[in-house]
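# Structure at a glance
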Amino acid sequence: MSNTELFKSHIEQGYTFKNDYIVLGTGILDLEPVHETHVKIPLKTLNRHGLIAGATGTGKTKTLQVIAEQLSLKGVPSVLMDLKGDLSGLAMPGEKNAFIEKRMAMIGLEYDPMGLPVELMSISQEKGVRMRATVSEFGPVLMSQIMDLNATQGGVISLVFRFCDTHHMPLLDLKDLKKVLQYIKNEGKEAITKEFGGISSASVNTIMRKIIELEQQGAESFFGERSFDVEDFVRTKDGKGLISIIRLTDIQNRPKLFSTFMLSLLSEIYETFPEQGDSDKPKLCLFIDEAHLVFSHASKDLINKIESIVKLIRSKGVGVFFCTQSPTDVPDNVLGQLGLKVQHSLRAFTAKDRKAIVKTAENYPISPFYKTSEVLTSMGIGEALVTALSEKGIPTPLVHTLLRAPISRMDILDSSEINQLVNASSLVKKYNAEIDRESAFDILEKKISRAEEAAAVSKPVAKVPATRAGRPAKEASMFEDLSKNTMVRQMGRTLFRELARGILGSITGKKR
């Protein structure tokens, strides 16, 4: 049997499944695509998470686009965190050309361009459905982890939440949180001490600085109402899964806000979705582009929280896929949870790069047909090493894969197309209206104002002191006022001496 026949048999055994699947492309052997070696990913294991990695310009974003398209066609909705603005083209059909038709012919698939149902969303000022969450929904533990607080400072945050719950004061945004901290430090310090014990002013000051840091990264636009309902992610249209694209192009330099949002989203999904167990396909898939921003600026507690949620959220039928340049950008505890791995080419420009490639190769199954470390540096654009999990949870063979072309537009939407998409959205009307109901800030402002007014009314009027003769101080003579001034008294003495000397000089005949 030839090497090509052995390769076909190897792929057929590893990529034959009983249930439904998506096709990513076809296998490559000796730099040539091999027919009838389709690389398939079973829908049943897509809640086991995944990784899309590779150097800049190798096609990671298009691979993400392909997977989201194929999931949508299978009725699986997905959420895409778009930091580069490359993914809005999913809403419009792609264009046929000679290159794409040749590529699809080599893979052995038909090319049928189409647009998919897309919802544009934003947590900042980008056009789309506004996504918000209240401070109360975050809770004291998550807020403490986001701000990287120590145990003492975290205790103060817990006290703030308890105080607001007890006195029925909603914590909606960062303005509310700051106002309560100011109150317990100043006007309400005595009452708080009686009710909950003493609070360190230094701890309150530190927390205030952490809140200001969040505000500087734009978090004030994220905290507030109306809170986004994650059930709105799980929708279909004409049998196709809805693709929710969260536009994050204006927060690339604000990683704290990005990691805060991502963790809150994962937490909300985990707490809201019911247990699903094993099913034939995932309920929802999340794709996190530029995933290194999540981990490189996150605290240890925050990373631990992300790790625990990634481990547990698959039981809710949710798959999480990280898109980044190198697998080393993702913590080992998270990397070990990822079933699907799509590795695009890496660059070996330095000694450090070569060491990273050797380490990356060790993350993949050993193949009798490839030397992984060599393939990693020789793949072209739109090619990748792929391995997944079979329906039995066993890693599939590692395959050098020629990936299929996206069926949607590989370019972005223009401003008129974005406006048209946003105006047609039913969720924009639901979430973009501003809501400013009474919250902790307003309640405390009124309370402090009432206390100040009561203090002004009860304050006694000061009596005006009288002089010895019974006259009010304001009616004292000019000379009495002048006599109280040290400089005036000194000038008077000097003038008196000069007058006396002048008179004596005229009597004795001496001239001054």
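What comes next is a walk through the structure. (Residues numbered from 1 in each chain as written. Predicted model: local features only at pLDDT ≥ 70, side-chain atom pairs only at ≥ 80, totals over all residues. Heavy atoms only, no water.)

Over its 16 residues, helix 5 (residues 151-166) runs 22 Å from end to end, which matches the ideal 22 Å to within 8%, given 1.5 Å per residue. All of the buried residues in helix 5 are Q153, G154, V156, I157, L159, V160, F161, F163 and C164. Summarising the contacts, the buried residues of helix 5 are in contact with helix 4 (135-146), helix 6 (174-185), helix 7 (189-196) and helix 8 (201-216). Its side-chain oxygen at 3.1 Å from the backbone nitrogen of T152, N150 defines the N-terminal cap of helix 5. Downstream of helix 5 by one or two residues, H168 has phi in the positive range, about 55°. (Helix = DSSP H or I, 4+ residues; strand = E, 2+ residues; numbered from the N terminus. Expected span 1.5 Å × (residues − 1). Buried < 20%, exposed > 50% of the residue type's maximum accessible area, 1.4 Å probe, protein only. Contact = heavy atoms within 4.5 Å. Polar contact = N/O pair within 3.5 Å; in protein donor to acceptor, adjacent residues only side chain to side chain.)

This part is about the side chain of E126. Within the secondary structure, E126 is located in the loop between strand 5 (118-122) and strand 6 (129-130). In this structure the side chain of E126 is engaged in a polar contact, spanning 3.5 Å, whose partner is the side chain of R247.

Among the 6 residues that make up strand 10 (residues 284-289), 6 are buried, leaving the element largely enclosed by the rest of the structure. In strand 10, alternate side chains face the same way, and those of L284, L286 and I288 on one face and C285, F287 and D289 on the other are all buried. Inspection of the sheet shows strand 4 (residues 78-82) paired to strand 10 by 4 bridges, in the parallel sense. Looking at strand 10, one finds that M81 is bridged to I288. Relative to strand 11 (residues 318-324), strand 10 runs parallel, the two sharing 6 bridges. (Pairing = 2+ DSSP bridges.)

Strand order in the open sheet formed by 12 strands is 2-1-14-13-12-3-11-10-4-9-5-6, and the pairing between neighbours is mixed. Strands with a single pairing partner mark the edges of an open sheet, and in this sheet they are strand 2 (32-42) and strand 6. Contacts from helix 3 (residues 98-107) reach strand 1 (21-29), strand 2, strand 13 (383-387) and strand 14 (399-403), with the element oriented near 140° to strand 14. Against the sheet, helix 9 (residues 255-272) makes contact with strand 4, strand 9 (243-247), strand 10 and strand 11, and its axis sits at roughly 170° relative to strand 10, the strand it touches most. (Axes fitted to C-alpha atoms, helices over the stretch in contact; angles between N-to-C directions.)

This brings us to the nonpolar core. M143, L181, I184, F233, L265 and F322 are the most contacted members of the largest nonpolar core, which totals 144 residues. Broken down by element, this core gets its largest block of residues, 8 residues, from helix 9. (Core = buried A, V, L, I, M, F, W, Y, C linked by side-chain atoms within 4.5 Å.)

In this section: the packing of aromatic side chains. Taken as a whole and judged by the stated rule, the model has 11 aromatic pairs. Within the aromatic cluster, the residues linked to one another by ring pairs are F138, F222, F223 and F261. Sitting over the ring of F273, K283 keeps its end group 4.2 Å from the ring centre. Over the ring of Y364 we find K341, and its NZ or CZ is 5.9 Å from the ring centre. (Phe/Tyr/Trp six-rings, centres within 6.5 Å; stacked < 30°, edge-to-face > 60°. Lys NZ or Arg CZ within 6 Å of the ring centre and 35° of its normal.)

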